[in-house]
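Coordinates in review
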Amino acid sequence: FGIQKTKTGRLKKPFVKVEDASHHYRPFYLQLSNIPLINYSVPKPCSPFDLDKTSALQKPTQAKQRNRVGCEAPGPARLRESKKKGYCECCSQKYEALQAHLLSEQHRNFAQSTQYQVVDDIISKLVYDFVESKSGISRRVKRSIGSF
Ligand SMILES: [Zn+2]
C-alpha cells in the first residue's frame, strides 16, 4: 500500500497551491517546513523574512545554500555571472554557460545581423551631445566591449 508510488494524495501542511479557475493548467505548489514569518528582530535593512541573524551565524553553509543571507554583499554572485545558466531571447535557446553561448556560432551570427535595426532606429532619434574623445583609445575599448 505504502510502497507503490501514486500521484494522488493530499499536500503536506503548510502549503500554498495556485490553480487557474478553469482548470486548464497544471497547479503549482509551495510546500515548506516553515511558512514565512515576519521577523521584527532582524536588524535593518535586512529582509523581515530573513532567518534570525544568530541562527544564520550558527549555520553559515546552510544559510548560503538557501540564499537566505540577504544582507551580504552581492560580490560573489556577480563573479559567477559569466557561468550563469539562462535563456537567450535572440536564439530562443537555453544555455548552460553564458560566455560559452555568447561565443557560439548561432549567437554571433545574430549579434552581427541586422536584427538590431529596431534598436538603431530608436537610437537615431536621440541627440548625441557628448564631447568626442580625441585620443580614440577609449572609444576603441568601448566598441570592443559593445560588440560582444
Ligand atoms: Zn543567443
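Every value quoted in this text rests on a predicted model; they were computed, and no experiment measured them. (Residues numbered from 1 in each chain as written. Predicted model: local features only at pLDDT ≥ 70, side-chain atom pairs only at ≥ 80, totals over all residues. Heavy atoms only, no water.)

A few words on the overall build of the protein chain. Across its full length, the protein chain holds seven helices and four strands. In the protein chain, the order of α-helices and β-strands from amino to carboxyl end is β-β-α-α-α-β-β-α-α-α-α. For the protein chain, the proportion of its 148 residues judged to be buried stands at 9%. When contacts within the protein chain are restricted to residue pairs at least 6 apart in sequence, long-range pairs at least 24 apart make up 5% of them. (Helix = DSSP H or I, 4+ residues; strand = E, 2+ residues; numbered from the N terminus. Buried < 20%, exposed > 50% of the residue type's maximum accessible area, 1.4 Å probe, protein only. Contact = heavy atoms within 4.5 Å.)

Another aspect to go through is the coordination of the zinc ion. Donor atoms from the polypeptide that bind the zinc ion are Cys88 (SG), Cys91 (SG), His101 (NE2) and His107 (ND1), placed at 2.0 to 2.3 Å. Coordination geometry of the zinc ion: the four donor atoms subtend angles of 103 to 115° at the metal centre, consistent with an arrangement described as tetrahedral. Mapped onto the sequence, the donors of the zinc ion take the spacing C-x2-C-x9-H-x5-H. Placement of the pair is Cys88 in strand E3 (residues 86-88) and His107 in helix H5 (residues 105-111), with a sequence separation of 19 residues. The residues Cys88 and His107 share a single accessibility class, namely buried. (Donors = N, O, S within 2.8 Å, 3.2 Å for Na, K, Ca; no water. Tetrahedral: all angles 85-135°; square planar, octahedral: opposite > 155°, others 65-115°.)

Residue position: His101 is located in helix H4 (residues 98-102). In this view, His101 contacts Cys88, Cys91, Gln93, Tyr95 and His107; residues no more than four positions away in its chain are not counted.

To continue, consider the environment of Phe28. Structurally, Phe28 is set in strand E2 (residues 28-31). Spatially, the C-alpha atoms of Phe28 and Lys17 are 5.9 Å apart, while their sequence positions differ by eleven residues. The contact partners of Phe28, leaving out residues within four places of it in the chain, are Val16, Lys17 and Val18.

Before going further, it helps to examine the confidence of the model for the protein chain. For the protein chain, per-residue confidence averages 78 on the pLDDT scale, and 67% of positions sit at 70 or higher. The model gives residues 55-70 a pLDDT under 50, and that stretch makes ten contacts with residues more than four places away or in other chains. Taken together, the stretch residues 139-148 has pLDDT below 50 and engages in three contacts with residues farther than four places along the chain or on a different chain. (pLDDT = per-residue confidence, 0-100.)

The grouping of Val16, Val18, Phe28, Leu30 and Ile35 at the surface amounts to a nonpolar patch, some 430 Å² of accessible area in total. Breaking the nonpolar patch down by element, the ones donating at least two residues are strand E1 (15-18) and E2. Among the structural elements, Val16 can be located in strand E1. Classification of Val16 as partly exposed rests on a relative accessible area of 39%. (Patch = residues over 30% accessible without salt bridge, like charges linked within 9 Å, V, L, I, M, F, W, Y side chains within 5 Å. Areas by Shrake-Rupley, 256 points an atom, 1.4 Å probe, with all protein chains shown as cover. Salt bridge = Lys/Arg side-chain N within 4 Å of Asp/Glu carboxyl O.)

Bringing the state of the cysteines into the picture now. Taken as a whole and assessed by the stated rule, the structure comprises zero disulfides. Not part of a disulfide, Cys90 finds its nearest cysteine sulfur in Cys88, a span of 4.3 Å. (Disulfide = S-S within 2.5 Å.)

This part takes up unusual backbone geometry. A cis geometry characterises the amide bond from Lys13 onward to Pro14, with omega recorded as 0°. Inspection of the secondary structure puts Pro14 in the segment before E1. Lys44 connects to Pro45 through a cis peptide bond whose omega is 0°. Of note, the phi angle at His23 is positive, near 60°, even though the residue is not glycine. The residue His23 is located in the loop between E1 and E2 in this model. Classification of His23 by relative accessible area gives exposed; the value is 57%.

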